[in-house]
Amino acid sequence: NSSFPTLGDDYTQSKMLDLYVQILDQPTGVEEDTINVVNTENISLGSVSNLMETGAHDILVINGEYGQKLIPFVDNFIKTVDHDSKTITVDWGTDY
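Please read these numbers as outputs of a predicted model, since none were measured by experiment.

Visitor: What am I meant to see in the overall build of the protein here?
Guide: Helix and strand content of the protein: 1 helix and 7 strands. Along the protein, helices and strands appear, N-terminal first, in the series β-α-β-β-β-β-β-β. Taken over 96 residues, the protein has a buried fraction of 36%. Entry remark: accessible area of the protein is about 5600 Å², with carbon and sulfur atoms responsible for 46%.

Visitor: Looking at this model, I keep getting lost on the environment of Ile 35. Mind explaining?
Guide: Its place among the elements puts Ile 35 in the loop between α1 (10-24) and β2 (36-39). A relative accessible area of 1% places Ile 35 in the buried class. As a C-alpha pair, Ile 35 and Ile 88 span 53 residues in sequence and 7.3 Å in three-dimensional space.

Visitor: Where do I start with the pairing of β2 in this structure?
Guide: Looking along a regular strand, one sees the side chains alternate between the two faces of the sheet. As paired strands, β2 and strand β3 (residues 44-52) are joined by 3 bridges and run antiparallel to one another. In the strand pairing of β3, Val 38 is matched with Ser 44. Connecting the antiparallel pair β2 and β3 is a turn made up of 4 residues, with Asn 42 showing a positive phi of about 65°. When β2 meets strand β7 (residues 87-90), the two strands line up parallel, connected through 4 bridges. The partner of Val 38 across the bridge, within β7, is Thr 89.

Visitor: Is there a simple way to explain unusual backbone geometry in this structure?
Guide: Across the chain, the bulk of peptide bonds are trans and the bulk of non-glycine residues have phi less than zero. The residue Asn 42 is not glycine, and still its phi comes out positive at about 65°. By secondary structure assignment, the location of Asn 42 is in the loop between β2 and β3. Judged by relative accessible area, Asn 42 falls into the exposed class, the value being 61%. In the Ramachandran plot, Lys 86 falls in the positive-phi region, its phi being about 55° despite a non-glycine side chain.

Visitor: Honestly, the confidence of the model for the protein in this entry has me stumped. Any pointers?
Guide: Low-pLDDT stretches of the model should not have their predicted coordinates read in fine detail. The pLDDT averaged across the protein works out to 78; a share of 66% of its residues lies at or above 70. Within the protein, strand β1 (residues 3-4) has the poorest average pLDDT of any element, 40, and β2 the best, 96. Scored below 50 in pLDDT, residues 1-6 shows 20 contacts in the model against residues more than four places distant or in partner chains.

Visitor: Would you explain the packing of aromatic side chains in this entry?
Guide: Where two aromatic rings form a pair, the distance of their centres and the angle of their planes describe that pair. Applying the stated criterion across every chain, the model contains 2 aromatic pairs. With a centroid separation of 5.0 Å and 80° between ring planes, the pair formed by Phe 77 and Trp 92 is classed as edge-to-face. Here Phe 77 is found in the loop between β5 (67-72) and β6 (78-82), whereas its partner Trp 92 is found in the segment after β7, with 15 residues between them in sequence. Classification of Phe 77 by relative accessible area gives partly exposed; the value is 25%. Look at Trp 92 and Tyr 96: their rings are 5.3 Å apart centre to centre, the planes differ by 70°, and that puts the pair in the edge-to-face class. Judged by its relative accessible area of 13%, Trp 92 is buried. An aromatic cluster is defined as three or more aromatic residues linked by ring pairs; in this entry it consists of Phe 77, Trp 92 and Tyr 96.

Rules of the game
- Residues numbered from 1 in each chain as written.
- Predicted model: local features only at pLDDT ≥ 70, side-chain atom pairs only at ≥ 80, totals over all residues.
- Heavy atoms only, no water.
- Helix = DSSP H or I, 4+ residues; strand = E, 2+ residues; numbered from the N terminus.
- Buried < 20%, exposed > 50% of the residue type's maximum accessible area, 1.4 Å probe, protein only.
- Areas by Shrake-Rupley, 256 points an atom, 1.4 Å probe, with all protein chains shown as cover.
- Pairing = 2+ DSSP bridges.
- pLDDT = per-residue confidence, 0-100.
- Contact = heavy atoms within 4.5 Å.
- Phe/Tyr/Trp six-rings, centres within 6.5 Å; stacked < 30°, edge-to-face > 60°.

Here's what the structure looks like:
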């Protein structure tokens, strides 16, 4: 299992961005290429539909059962990235 504890170092950020390039370059609708997002309570928030670039930091766009979530791509919110299972764990509530 290739779990990364945080996004605090350049290597981990690079691996995460590599995952995005790999996933977002795939044809739309390819289910096995979905990046799933769960919160620290292991509740599924949905899947990543986009990575928005902003001046301050990038924003993950998540679509799922609890609606669209815009999660800043920073250590405070991104807790783990499992490259093998294509799952991101975030510190984010279902009602945010």
